[in-house]
Amino acid sequence: MSITYKDAPGVQGMRVAGRLASEVLDYLTPHIKPGITTKDIDRLAAECMKIQGTISATLGYQPSGYPPYPASLCTSVNHVVCHGIPNDKALKKGDIVNVDVTVINDGWYGDTSRMFMVGEVSIAAKRLCAVTYDAMWQGIMRVKPGVRLGDIGFAIQKFAESNGFSVVREFCGHGIGRNFHEDPQVLHYGKPGTLEELKPGMTFTIEPMINAGRRDVKEFGNDGWTIVTKDHSLSAQWEHTVLVTESGYEVLTLSAGSPPPPPFVNA
Ligand code: MF3
Ligand code: CO
Ligand code: CO
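Small disclaimer: the values here were computed from a predicted structure and weren't measured. (Residues numbered from 1 in each chain as written. Chains lettered and ligands numbered in written order. Predicted model: local features only at pLDDT ≥ 70, side-chain atom pairs only at ≥ 80, totals over all residues. Heavy atoms only, no water.)

Draft legend 1. Structural detail: the overall build of the protein. Check the secondary structure of the protein and you find 4 helices and 15 strands. Overall size of the protein, expressed as C-alpha extent along the three principal axes, is 45 × 45 × 40 Å. With 267 residues in all, the protein has 53% of them scored as buried. For the protein, restricting intrachain contacts to residue pairs at least 6 apart in sequence, the fraction spanning at least 24 positions comes to 71%. Carbon and sulfur atoms provide 55% of the accessible area of the protein, an area that totals close to 11500 Å². Between the centroid of the 25 positive side chains of the protein and the centroid of its 28 negative side chains there is a distance of 5 Å. (Helix = DSSP H or I, 4+ residues; strand = E, 2+ residues; numbered from the N terminus. Buried < 20%, exposed > 50% of the residue type's maximum accessible area, 1.4 Å probe, protein only. Contact = heavy atoms within 4.5 Å. Areas by Shrake-Rupley, 256 points an atom, 1.4 Å probe, with all protein chains shown as cover. Lys, Arg positive; Asp, Glu negative; His and termini not counted. Charge placed at Lys NZ, Arg CZ, Asp CG, Glu CD.)

Right, here's the structure in full:
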């Protein structure tokens with residue numbers, strides 16, 4: 001599917017969908033504590049989307065070669081890299097969990113994820129979550145017309161690796177609009193000056209998956225979705241949907257509960 005450039009009404013549609021996706025995460029935040037199951041989180045998200053009048057983009061989502069995804073969001077705990085399916089196991093103190101929400105509003109898609117720390121977590125887990133957040137912003141802050149996707153990937157990779165972590169290669173960010181996954185692919189590693197040149201009106205996600213150990217991943221179990229680190233090291237991910245503007249970027253998936261950008265952004 002090719003790159004789509006959004007006109008003014010399209011940008012407005014993407015702004016609303018993006019905010020609504022982020023507001024689902026806001027709604028879930030006070031509930032993510034020891035004892036809650038990821039299925040409970042899924043149920044709460046479905047409730048929230050119902051109130052919003054949005055539709056989950058993940059429920060029933062079936063790219064070719066995959067079984068239909070069975071839940072309203074993804075919950076990826078500890079060494080789960082992405083696409084974790086909500087289950088009946090309770091979260092416990094010390095867990096880290098990525099909650100990834102994609103909603104459809106008025107035909108437009110908004111896609112965002114955050115890390116949640118369950119109770120008190122280890123210093124190592126905290127650092128992984130923080131470095132991954134900053135890695136996402138290292139990519140976002142470089143978005144503007146004329147920059148290439150290789151510049152974005154390079155910035156993310158350099159930052160993650162200089163902090164002693166590794167970047168997952170098998171999954172990437174993506175164009176987004178009236179479809180969940182559009183071109184271009186947004187790799188979280190790369191070489192400066194390579195790949196697609198950014199132009200105003202493009203909307204895509206930046207969603208680095210960063211591992212505490214080696215970068216290798218594998219499928220887990222037989223659900224057709226769950227991806228884990230091969231070495232069982234912790235993995236973290238954050239995701240925003242961004243718009244390329246005439247002069248830079250606009251983050252579309254912001255809401256009252258979004259954490260602020262790191263101090264190095266605009267500093
Ligand atoms: N939200 C994920 C992304 O950021 C995709 C999840 S697909 C699912 O691209 F089917 F696993 F939900
Ligand atoms: Co995405
Ligand atoms: Co997502």
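Draft legend 2. Geometry of the coordination of the cobalt ion (ligand 3). Binding of the cobalt ion (ligand 3) to the protein goes through Asp100 (OD), Asp100 (OD), Asp111 (OD) and Glu239 (OE), at separations of 2.1 to 2.4 Å. With 6 donor atoms in place around the cobalt ion (ligand 3) and angles of 58 to 166 degrees between them, the coordination shape is irregular. If you list the donors of the cobalt ion (ligand 3) from N- to C-terminus, the spacing comes out as D-x10-D-x127-E. The two metals, the cobalt ion (ligand 3) and the cobalt ion (ligand 2), are separated by 3.3 Å and share Asp111 as a common coordinating residue. Placement of Asp100 in strand β4 (residues 96-105) and of Asp111 in strand β5 (residues 108-117) is noted, with a sequence separation of 11 residues between them. (Donors = N, O, S within 2.8 Å, 3.2 Å for Na, K, Ca; no water. Tetrahedral: all angles 85-135°; square planar, octahedral: opposite > 155°, others 65-115°.)

Draft legend 3. Broad picture of the coordination of the cobalt ion (ligand 2). Asp111 (OD), His174 (NE2), Glu207 (OE) and Glu239 (OE) make up the full set of protein donors to the cobalt ion (ligand 2), lying at 2.0 to 2.2 Å. Geometry at the cobalt ion (ligand 2) is irregular, judged from its 6 donor atoms and the angles of 51 to 162 degrees they form at the metal. Sequence spacing of the donors to the cobalt ion (ligand 2): D-x62-H-x32-E-x31-E. Judged by its relative accessible area of 1%, Glu239 is buried.

Draft legend 4. Local environment of the side chain of Ser56. Counting through the fold element by element, Ser56 comes out in strand β1 (residues 55-56). Among the residues examined, Ser56 registers a relative accessible area of 10% and is labelled buried. Polar contacts involving the side chain of Ser56 include one to the main-chain amide nitrogen of Leu59, which spans 3.2 Å. Of note is the side chain of Ser56, whose polar atom sits 3.1 Å from the backbone oxygen of Ser72. (Polar contact = N/O pair within 3.5 Å; in protein donor to acceptor, adjacent residues only side chain to side chain.)

Draft legend 5. Structural context of the site of ligand 1. The local shell around ligand 1 holds 14 residues, among which Thr58, His174, His181, Glu207 and Glu239 are the closest. Within the side chain of His181, a nitrogen or oxygen atom sits 2.9 Å from an oxygen atom of ligand 1. Glu239 is positioned with one of its side-chain polar atoms (N or O) 3.0 Å from an oxygen atom of ligand 1. Summarising the interface, the protein chains cover 97% of the accessible area of ligand 1, which totals 340 Å² for the free molecule. The class makeup of the residues in the shell around ligand 1 is 5 nonpolar, 5 polar and 4 charged. (Near = heavy atom within 4 Å. Nonpolar A, V, L, I, M, F, W, Y, C, P; charged D, E, K, R; others polar.)

Draft legend 6. Main features of the packing of helix α1 (residues 8-28) against helix α2 (residues 38-52). Running from amino to carboxyl end, α1 crosses α2 at an angle of 130 degrees, the nearest separation of the two axes being 10 Å. When the axes of α1 and α2 are compared, the pair comes out oblique. You can see that α1 and α2 cross each other, and the crossing is right-handed. Taking contact as the criterion, the partners of Leu20, Glu23, Val24, Tyr27 and Leu28 in α1 are, on α2, Ile41, Leu44, Ala45, Glu47, Cys48, Met49 and Gln52. (Axes fitted to C-alpha atoms, helices over the stretch in contact; angles between N-to-C directions. Parallel < 35°, antiparallel > 145°, perpendicular 65-115°, else oblique. Left-handed = near helix turned anticlockwise from the far one by under 90°.)

Draft legend 7. Layout of the pairing of strand β14 (residues 240-244). For β14, the buried fraction is high: 5 of the 5 residues fall into the buried class. Neither face of β14 is left uncovered, since the one carrying His240, Val242 and Val244 and the one carrying Thr241 and Leu243 both have all their residues buried. As judged from the 4 bridges shared by strand β9 (residues 203-206) and β14, these two strands associate in the antiparallel manner. Residue pairing for β14: Thr203 is matched across the bridge by Leu243. (Pairing = 2+ DSSP bridges.)

Draft legend 8. Expanded view of the side chain of Asn105. Examined against the element boundaries, Asn105 turns out to sit in strand β4. Those residues in contact with Asn105 that sit more than four places away from it in its chain are Val16, Ala17, Leu20, Gly53 and Thr54.

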